[in-house]
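Summary of the model geometry
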Amino acid sequence: MAAFDDRLEALRERFIVRSRTDRIMLIKALAADDRTELQRIAHSLAGAGGLFGHPEISDSGQRLEDALDEATTEDIQEAARELLRRLEALDQPG
Amino acid sequence: MTLRFLYVDDEPDIREIAEMALGLDPDLEVRTCASGEEALTVAPEWKPHLILLDMMMPKLDGPTTLAKLRERPETAAIPVVFVTARAQNREVQGLIDLGADGVIAKPFDPMTFATTARNFVS
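Keep in mind that what you see is a predicted model, and the values were worked out from it rather than measured.

**Here we look at the overall build of chain A**
Within chain A, the secondary structure is distributed over 4 helices and 0 strands. Walking chain A from its N terminus toward its C terminus, one meets helices and strands in the order α-α-α-α. Relative to the 2.2 N^0.38 estimate, which gives 12 Å for 94 residues, the radius of gyration of chain A is 14 Å and therefore close to what a compact globule would have. Put simply, chain A has 94 residues, and 34% of those count as buried. Considering only intrachain contacts with a sequence separation of at least 6, the fraction spanning at least 24 residues in chain A is 46%.

This is the structure we're talking about:
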């Protein structure tokens, strides 16, 4: 089980490193109002966040996916900004 | 009896954690595929007891992969379960209507994933 926990920890660290790229892609997609790319990012993070110890990222990814399905541009932007803030928080100490 | 489970997802880290989680059950033999196309090649020769399928993948997405598996006699009867972040009621029903045998919500709990997946194999 120790080996399992070690591998899981390594995957969690990798998720945080990769989240920096996700942030950049999210900012670009938001600026371009590229909804296909927003959908891809939201879906990927909705699935991955909780798996790697960050359920709040999954929640925000899910919220953005839902907004892309049904909501106004304003709601989409607000959901995307919330996801962005939570991704930024992954890099904050503590 | 050893059961063969095939996990299909385009994201390498999610494939790795799924393989680790399913590997907690010593009676499961696990293979992973990075795409729907790869799954269509592996499934007929490996004959898994269960296919766990991601929904959104580039080129061949999950529903299209499922349709192709169902078209082919050698894979038509293999149970297919979607593992997806889109697991709300209406989406689950849509996937069942497409011929899926079930849906597991992503993120899944790595500690119980194998047990949850086993429930779809009779």
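Moving on from the coordinates now.
**What to know about the packing of helix α2 (residues 35-48) of chain A against helix α3 (residues 55-70) of chain A**
All names here are of chain A. In contact at an axis separation of 7 Å, α2 and α3 are set at 145° when each is read in the N-to-C sense. When the axes of α2 and α3 are compared, the crossing they make is left-handed. Across from R35, L38, Q39, A42, H43, L45 and A46 in α2, the residues of α3 making contact are I57, S58, G61, Q62, L64, E65 and L68.

**Some words on the sheet that holds strand β2 (residues 28-33) of chain B**
All names here are of chain B. In spatial order, the strands read β2-β1-β3-β4-β5; together these 5 strands make up an open sheet with parallel pairing. The open sheet has two free edges, formed respectively by β2 and β5 (102-105), since each of these has just one partner strand. Averaged over neighbouring strand pairs, the angle between their axes works out to 25° when direction is ignored. Note: strand β4 (residues 80-84) against β5, 4 bridges, orientation parallel. Bridged to F82 within β5 is V103. Contacting β1 (3-8), β2 and β3 (50-54), helix α2 (residues 36-46) crosses the sheet at an angle of about 170° to β1.

Thresholds, definitions, all that
Residues numbered from 1 in each chain as written. Chains lettered and ligands numbered in written order. Predicted model: local features only at pLDDT ≥ 70, side-chain atom pairs only at ≥ 80, totals over all residues. Helix = DSSP H or I, 4+ residues; strand = E, 2+ residues; numbered from the N terminus. Rg over C-alpha atoms; globule rule 2.2 N^0.38 Å. Buried ≥ 20, exposed ≤ 12 C-beta atoms within 10 Å, placed from the backbone. Contact = placed C-beta atoms within 7 Å. Axes fitted to C-alpha atoms, helices over the stretch in contact; angles between N-to-C directions. Left-handed = near helix turned anticlockwise from the far one by under 90°. Pairing = 2+ DSSP bridges.

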